[in-house]
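Understanding the architecture of this molecule
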Amino acid sequence: MAKVVYTLKRKRNTNELHLFEASQSEDDKCTPKNKSICNKMSTDESSENIFACQSEDYARTSCANQGRKVCGICVSHLYETY
(Lines give C-alpha, C1' and ligand atoms only; values in the text may rest on other atoms or scores of the structure.)
Protein backbone atom coordinates (compact mmCIF):
# COMPACT_ATOMS: atom_id res chain seq x y z
CA MET A 1 0.00 0.00 0.00
CA ALA A 2 1.30 3.43 -0.93
CA LYS A 3 2.06 6.00 1.76
CA VAL A 4 0.94 9.62 1.13
CA VAL A 5 3.81 12.11 1.13
CA TYR A 6 4.28 15.64 -0.22
CA THR A 7 6.44 17.37 -2.84
CA LEU A 8 6.89 21.15 -3.12
CA LYS A 9 7.55 22.42 -6.65
CA ARG A 10 8.43 25.85 -8.05
CA LYS A 11 6.21 27.02 -10.92
CA ARG A 12 8.39 28.01 -13.86
CA ASN A 13 6.70 31.25 -15.01
CA THR A 14 5.68 32.72 -11.63
CA ASN A 15 8.17 31.27 -9.09
CA GLU A 16 5.18 30.42 -6.86
CA LEU A 17 5.58 27.26 -4.80
CA HIS A 18 2.85 24.63 -5.01
CA LEU A 19 2.36 21.48 -2.98
CA PHE A 20 1.66 18.11 -4.57
CA GLU A 21 0.44 14.97 -2.90
CA ALA A 22 2.56 12.01 -3.86
CA SER A 23 2.46 8.31 -3.15
CA GLN A 24 5.47 6.40 -1.95
CA SER A 25 5.45 2.68 -2.58
CA GLU A 26 7.10 0.02 -0.46
CA ASP A 27 10.10 0.02 -2.82
CA ASP A 28 10.56 3.78 -2.09
CA LYS A 29 9.39 4.88 -5.53
CA CYS A 30 7.74 8.30 -5.20
CA THR A 31 5.17 9.53 -7.69
CA PRO A 32 3.53 12.97 -7.36
CA LYS A 33 0.01 13.55 -8.64
CA ASN A 34 -0.16 15.44 -11.93
CA LYS A 35 -1.91 18.48 -10.40
CA SER A 36 -1.05 20.48 -7.29
CA ILE A 37 -3.43 20.43 -4.33
CA CYS A 38 -4.98 23.73 -5.50
CA ASN A 39 -5.19 22.45 -9.13
CA LYS A 40 -3.43 25.61 -10.40
CA MET A 41 -0.17 23.90 -11.40
CA SER A 42 0.71 20.70 -13.22
CA THR A 43 3.96 18.78 -12.87
CA ASP A 44 5.11 19.81 -16.36
CA GLU A 45 5.10 23.50 -15.27
CA SER A 46 7.75 22.84 -12.63
CA SER A 47 11.22 24.37 -12.78
CA GLU A 48 12.50 22.54 -9.68
CA ASN A 49 11.57 20.62 -6.55
CA ILE A 50 12.09 22.41 -3.23
CA PHE A 51 11.61 19.07 -1.49
CA ALA A 52 10.25 15.72 -2.59
CA CYS A 53 8.45 12.85 -0.94
CA GLN A 54 8.39 14.20 2.60
CA SER A 55 6.00 13.60 5.49
CA GLU A 56 3.14 15.94 6.37
CA ASP A 57 5.07 17.25 9.40
CA TYR A 58 8.15 17.99 7.27
CA ALA A 59 5.98 19.67 4.61
CA ARG A 60 4.24 21.86 7.20
CA THR A 61 7.54 23.07 8.68
CA SER A 62 9.26 23.60 5.34
CA CYS A 63 6.30 25.49 3.86
CA ALA A 64 6.20 27.74 6.93
CA ASN A 65 9.91 28.48 6.48
CA GLN A 66 9.36 29.36 2.79
CA GLY A 67 6.79 31.98 3.77
CA ARG A 68 4.41 33.73 1.40
CA LYS A 69 5.93 32.18 -1.72
CA VAL A 70 3.92 29.01 -1.00
CA CYS A 71 0.40 28.89 -2.40
CA GLY A 72 -2.01 29.51 0.48
CA ILE A 73 -4.59 27.08 -0.86
CA CYS A 74 -2.01 24.28 -1.11
CA VAL A 75 -0.54 24.86 2.35
CA SER A 76 -3.97 25.14 4.00
CA HIS A 77 -4.48 21.48 3.09
CA LEU A 78 -1.82 20.58 5.68
CA TYR A 79 -3.90 22.22 8.40
CA GLU A 80 -7.43 21.16 7.52
CA THR A 81 -9.74 19.82 10.17
CA TYR A 82 -12.84 17.70 9.83
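Before reading on, note that the structure itself is shown above.
Below, the structure is looked at part by part. None of the values given here were measured: they were computed from a predicted structure. (Residues numbered from 1 in each chain as written. Predicted model: local features only at pLDDT ≥ 70, side-chain atom pairs only at ≥ 80, totals over all residues. Heavy atoms only, no water.)

1. Notes on the sheet that holds strand 1 (residues 3-11)
A sheet is described by the order of its strands in space; here 4 strands give the open sequence 3-2-1-4, paired in antiparallel fashion. Of all strands in the sheet, those bounded by a partner on one side alone are strand 3 (30-32) and strand 4 (46-54). Averaged over neighbouring strand pairs, the angle between their axes works out to 30° when direction is ignored. Looking at chain direction, strand 1 and strand 2 (residues 17-24) are connected through 8 bridges and run antiparallel. Paired with V4 across the strands is S23, a residue of strand 2. (Pairing = 2+ DSSP bridges. Helix = DSSP H or I, 4+ residues; strand = E, 2+ residues; numbered from the N terminus. Axes fitted to C-alpha atoms, helices over the stretch in contact; angles between N-to-C directions.)

2. Considerations on the packing of aromatic side chains
Using the criterion set out here, one finds 1 aromatic pair in the structure. Where F51 meets Y58, the ring centres are 5.3 Å apart and the plane angle is 80°; that geometry is what we call edge-to-face. Using a relative accessible area of 40% as the deciding quantity, one classes Y58 as partly exposed. Above the plane of the ring of F20 lies K9, whose end atom (NZ or CZ) is 5.9 Å from the centre. (Phe/Tyr/Trp six-rings, centres within 6.5 Å; stacked < 30°, edge-to-face > 60°. Buried < 20%, exposed > 50% of the residue type's maximum accessible area, 1.4 Å probe, protein only. Lys NZ or Arg CZ within 6 Å of the ring centre and 35° of its normal.)

3. Some words on the state of the cysteines
Disulfide: a covalent bond formed between the sulfur atoms of two cysteine residues. By the definition in use, this model includes 1 disulfide. With its sulfur 1.6 Å from that of its partner, C30 forms a disulfide with C53. Negative torsions about the S-S bond denote left-handed disulfides, and the value of about -110° found for C30 with C53 makes this one left-handed. A residue pair is termed long-range when its members are at least 10 positions apart, and C30 in strand 3 and C53 in strand 4 qualify at 23 residues. On the basis of relative accessible area, C53 is assigned to the partly exposed category, the value being 22%. Take C38: it sits in no disulfide, and the sulfur closest to it among the cysteines is that of C74, at 3.6 Å. Free of any disulfide, C71 has its nearest cysteine sulfur in C74, 3.8 Å distant. Its relative accessible area of 13% is what places C71 among the buried residues. (Disulfide = S-S within 2.5 Å.)

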